[in-house]
Amino acid sequence: ALKSLGQRTSFTMLASLAGRGLLLYNPSCSKSRAALVLLQKMQADFVVREYLKDPLSTAELKELAGKLHEKPVGWCRVDEPEWDVRFSGSDEDTYQALFEYPVLMQRPIFVRGPWAVVGRPPELVLALLGTDLPMASDQVAAWQEVYRIDTHGSQARVALAPSLKGAELLADSFEEKRHHQGYFVRPICMPGPVSLRSQA
């Protein structure tokens, strides 16, 4: 059974649960289901919130944007018909549209501590599972680059992770299902928090 904190679970309440994650989940979405399977396989400590049944408040949406380090338009499903109905360009209008039409929110999104990531591809949720993940916003992250080497020896970034252990989990998961020569991890200097979205 899915672990859930029930209706109106706020990020503030989640923050008091000692590093537990939150999966913003849509059961009809294949990537949401894949992210759920990955988290369960890793025996992660997390709860599930079906955001279509329990929409995020505008305050939570603004907090989520801060955790994602992306403007709200960056994690909207702009191909949905509701997008044309509500979008006018400003962040405030986008937050209101996401609140009124939660179907506009990209999915899945995994939240842990001061971090969040859109799980596209689903493996990106693993980047936040490291036991060395900084759990306070004022802690400095040990940023890592996950990169691949193809059969011709070319290198390409796959993703960024704010902890070494999370990056290693991510690299191992990619290597299990991809056909490149290998996935590797190396430290990288970042000027500050950035979006964890795949760079490939």
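Here the structure is a predicted model, which is why all the values come from computation and not from measurement.

Criteria and cut-off values
Residues numbered from 1 in each chain as written. Predicted model: local features only at pLDDT ≥ 70, side-chain atom pairs only at ≥ 80, totals over all residues. Heavy atoms only, no water. Salt bridge = Lys/Arg side-chain N within 4 Å of Asp/Glu carboxyl O. Helix = DSSP H or I, 4+ residues; strand = E, 2+ residues; numbered from the N terminus. Buried < 20%, exposed > 50% of the residue type's maximum accessible area, 1.4 Å probe, protein only. Polar contact = N/O pair within 3.5 Å; in protein donor to acceptor, adjacent residues only side chain to side chain. Contact = heavy atoms within 4.5 Å. Expected span 1.5 Å × (residues − 1). Arc of directions from axis to C-beta. Core = buried A, V, L, I, M, F, W, Y, C linked by side-chain atoms within 4.5 Å. Pairing = 2+ DSSP bridges. Phe/Tyr/Trp six-rings, centres within 6.5 Å; stacked < 30°, edge-to-face > 60°. Lys NZ or Arg CZ within 6 Å of the ring centre and 35° of its normal.

Caption draft 1: Spatial organisation of the pattern of salt bridges. The final tally for this structure, using the stated rule, is 11 salt bridges. Of the charged contacts, one joins D45 and R20 as a salt bridge, the two residues approaching to 3.0 Å between their closest N and O atoms. Linking D45 in the loop between α2 (30–41) and β2 (46–50) with R20 in the loop between α1 (11–15) and β1 (21–25), this pair joins segments that are 25 residues apart in sequence. Residue classification places D45 among the partly exposed positions, given a relative accessible area of 38%. Here E60 makes a salt bridge to R49, at a shortest N to O gap of 3.1 Å. Separated by 11 residues along the polypeptide, E60 in helix α3 (residues 58–68) and R49 in strand β2 bring together distant segments of the chain. Neither residue differs from the other here; E60 and R49 are each classed as buried.

Caption draft 2: The side chain of S163, seen in detail. As for its position among the elements, S163 is in the loop between β6 (155–161) and α6 (164–177). Note on S163: relative accessible area 0%, which makes it buried. Side-chain polar atoms of S163 contact the side chain of D132, separated by 3.1 Å. Every residue in contact with S163, bar those within four places of it in the chain, is listed here: A127, G130, D132, L133, A142 and Q144.

Caption draft 3: Expanded view of α6. Taking 1.5 Å per residue, 14 residues should reach 20 Å; α6 reaches 21 Å between its end C-alpha atoms and fits that length. For α6, the set of buried residues is G166, A167, L170, A171, S173 and F174. Along the long axis of α6, the arc covered by the buried residues comes to 165 degrees, so they all point the same way. In this structure S163 caps α6, since a side-chain oxygen of it lies 3.1 Å from the backbone nitrogen of G166.

Caption draft 4: Here's a closer look at the nonpolar core. Residues L23, L39, F46, F110, L128 and L170 are the most contacted members of the largest nonpolar core, which totals 32 residues. Mapped by element, the contributors of at least two residues to this core are β1, α2, β2, β4 (115–118), β6 and α6. Among all residues touching F110, those that are not within four sequence positions of it are G21, L22, L23, L39, F46, W115, A116, V117, V125, L128 and L129. Of all hydrophobic cores here, the second largest spans 21 residues; its members include L64, Y95, A97 and M105.

Caption draft 5: Looking closely at the pairing of β4. By the alternation rule, side chains of β4 split into W115 and V117 and A116 and V118, which are all buried. Here strand β3 (residues 109–112) runs beside β4; their pairing, made up of 4 bridges, is antiparallel. Considered in β4, the bridge of R112 is made with W115.

Caption draft 6: Geometry of the pairing of β2. Buried residues dominate β2, accounting for 4 of its 5 residues. Two strands pair when backbone bridges link them, and β1 and β2 are joined in this way by 5 bridges, in the parallel orientation. Residue pairing in the sheet places L23 in a bridge with V48 of β2.

Caption draft 7: Summary view of the packing of aromatic side chains. Taken as a whole, this structure holds 3 aromatic pairs when the rule is applied. Consider the rings of W115 and W143, whose centres lie 5.7 Å apart with planes at 80 degrees: the pair is edge-to-face. Of this pair, W115 sits in strand β4 while W143 sits in the loop between β4 and β5 (144–149), and the two are 28 residues apart along the sequence. With respect to class, W115 is no different from W143; both count as buried. Between R186 and the ring centre of Y147, over which it is positioned, the NZ or CZ distance is 3.7 Å.

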